[in-house]
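Here's the letter readout for the chains.
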Amino acid sequence: MSVSRVVNVIELNKSQKEKINAAVLAAFPKEMCGVITSDDFIQISNINSDPENSFTMQPKEYAGVVERAIAIVHSHVKQPDTRINIDPRTPSVKDLNYQKASALPWLIVATEGLTVTPPVQFPRDPSSKYEGRNFIWYINDCFTIVQDYYRYQLDIILPANEFDAFNDSISEVIEWYAYEHGFDDVKKIDDIKNGDIVILDSLGQKQNHLGVYHDEKILHQMQVSRFDPFQNYLGRINRILRYGS
Amino acid sequence: MEVRIYGELRQQCPDVDLDVKNIQQALAGIKQVHGQAVSDHLLSNKYHYFLARESEPNKVISLTDGLLTMSFDSFDLMVIVPDMQGDVYVVAILGVALFTTTSLTVAVIVAAVINIAIALALGFLMQLLSPTPEFDSDPSEAATRSSSSLFNGAPNIREQGGSVPWCMGESNAGGVLISAGMYSEDV
């Protein structure tokens, strides 16, 4: 059953969840893919030559059910990541591109072969609940929380920011976005006001994190999103940007 | 024949009825009805073409290149769907991680081999600089034959003029006596 919000949020019923989980575990260690209809789940063959890391829907099977499809679902196989803790449901750039081509919401679940995580959906559902979100690139990242703040606090829709989180330079993405979408620098830190975007240095890198200033606090998405005292970040502020000034 | 295009073109391309006999005519009809941009999009992106009957829309037949001129007479529905693919984000990351790990492993092994080689070379040099005295027999017997001023009678295994390790600083553990001066009473 789907509930209409800013985006069409897919809410799975018990039977759909059970069918998806069973299909995901049966397919392990390969990726599973299928379509969600209004009251069912239909698995589609994954014909990709590298099924442990990718999926390609069997076109004929997909064409047979596309009329009834309200969403696409596929699984990611959890892989050990030696660098940082990344949610295994994080969509890849290819996932993001093909989601657009499908014009349907996509769900991703992840498995290590024994259990199946709850799905994440993209396009994401904007929310005015700012605190307590867990980090997932493109769904709950440091830009999306600023997007939501602008939507609900300032009634401004910031366009999506298209980038490759694992290959693009985040500082260049921020630079480009600020230029492209009419942000100007605030020269004096004392002039900061609610809604200004604070560009921070993080993890030893320049301009790779951002948050939004609100009542002497900064709202930002770390592993968990939160309001932090602005004072604590004074030494890490690289730029302050104001929308449409 | 009704032509249904799915995916991102669906919003701008409502279903259309085209009087066409094969896929070539169908593509020409789509171009005429929906415009050049839609036609270009279909040709430049991966789409799959299927024939079906309205009564059984689930049973589709693939239109492959070999069937470009196949007659549509017995079908009344054309379904055009985009390719559906995805992958896992960690492909690139793992590549980097594996590369890093492999490089690191190789680096550690190389460093270890170099360290061993340096240690061997230094050991050899030390041996050259510290020749051991030659004894006719067991060194302990030699010690009994010649007078030794070493305290507690330990045999002297360094020949005169040979280097003797010299330790300085504070020791928090019990050590081995390597040299002892004479007591003033002995002089």
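Above: the structure in question.
Keep in mind the model is a prediction, meaning the values are calculated, not measured.

Novice: Tell me about the interface of chain B and chain A, and name the residues and values.
Specialist: Frequently, the measure chosen for interface size is the accessible area that the parts lose on association. Each partner contributes residues to the interface: chain B has 28 residues there, and chain A has 37 residues. Summed over both partners, the interface of chain B with chain A buries about 2,800 Å², with 62% contributed by carbon and sulfur atoms. The largest share of the area that chain B buries against chain A comes from Met 84, Gln 85 and Tyr 89 of chain B, three residues that together contribute 29% of it. One can count 1 salt bridge joining chain B with chain A. Here Glu 67 of chain A makes a salt bridge to Arg 4 of chain B, at a shortest N to O gap of 3.6 Å. Run the count over chain B and chain A and you get 9 residue pairs in polar contact (both at pLDDT 80 or more). By residue number, the principal contributor to the side of chain B that touches chain A is helix α3 (residues 90-129) of chain B, which donates 7 residues. A per-class count over the side of chain B that touches chain A returns 17 nonpolar, 6 polar and 5 charged. One ladder, built from 3 bridges, connects strand β5 (residues 54-56) of chain A with strand β6 (residues 85-87) of chain B; its direction is antiparallel. Considered in β6 of chain B, the bridge of Phe 55 of chain A is made with Gly 86 of chain B.

Novice: Please set out the sheet that holds strand β5 (residues 77-82) of chain B residue by residue, giving values where relevant.
Specialist: All names here are of chain B. Pairing within the open sheet is mixed, and its 5 strands lie in the order β2-β1-β5-β3-β4. At either margin of the open sheet sits one strand with a lone partner, and together these are β2 (16-17) and β4 (56-62). As defined by bridge partners, strand β3 (residues 47-53) adjoins β5 across 6 bridges and the pair is classed as antiparallel. Bridging from a neighbouring strand, Phe 50 pairs with Val 79 of β5.

Novice: Let's hear about the environment of Pro 123 of chain A: which residues, and what values?
Specialist: Residue and element names in this part refer to chain A. On the secondary structure map, Pro 123 appears in the loop between β8 (120-122) and α4 (142-153). Using a relative accessible area of 35% as the deciding quantity, one classes Pro 123 as partly exposed. Taking the C-alpha atoms as reference points, Pro 123 and Tyr 150, 27 residues apart in sequence, are found 17 Å from one another.

Novice: So what about the sheet that holds strand β7 (residues 106-111) of chain A? Which residues, and what values?
Specialist: All names here are of chain A. Judged by pairing direction, the sheet is mixed, and its 5 strands sit side by side in the order β4-β3-β6-β7-β8 without closing on themselves. The sheet is open, and its two edges are formed by β4 (41-44) and β8, each paired on a single side. Going from strand to strand, the sheet's axes swing by 30° on average, the running direction of each strand aside. With 4 bridges connecting them, strand β3 (residues 33-36) and strand β6 (residues 71-77) associate as antiparallel partners. Directly across from Ile 36, in β6, lies its bridge partner Ala 71. With respect to the sheet, helix α1 (residues 14-27) is in contact with β3, β4, β6 and β7, its orientation differing from that of β4 by roughly 20°. The sheet contacts of helix α3 (residues 93-102) involve β6, β7 and β8, and relative to β7 the element is tilted by about 145°.

Cut-offs applied
Residues numbered from 1 in each chain as written. Chains lettered and ligands numbered in written order. Predicted model: local features only at pLDDT ≥ 70, side-chain atom pairs only at ≥ 80, totals over all residues. Heavy atoms only, no water. Contact = heavy atoms within 4.5 Å. Buried area = accessible area lost by both parts, 1.4 Å probe. Salt bridge = Lys/Arg side-chain N within 4 Å of Asp/Glu carboxyl O. Polar contact = N/O pair within 3.5 Å; in protein donor to acceptor, adjacent residues only side chain to side chain. Helix = DSSP H or I, 4+ residues; strand = E, 2+ residues; numbered from the N terminus. Nonpolar A, V, L, I, M, F, W, Y, C, P; charged D, E, K, R; others polar. Pairing = 2+ DSSP bridges. Buried < 20%, exposed > 50% of the residue type's maximum accessible area, 1.4 Å probe, protein only. Axes fitted to C-alpha atoms, helices over the stretch in contact; angles between N-to-C directions.

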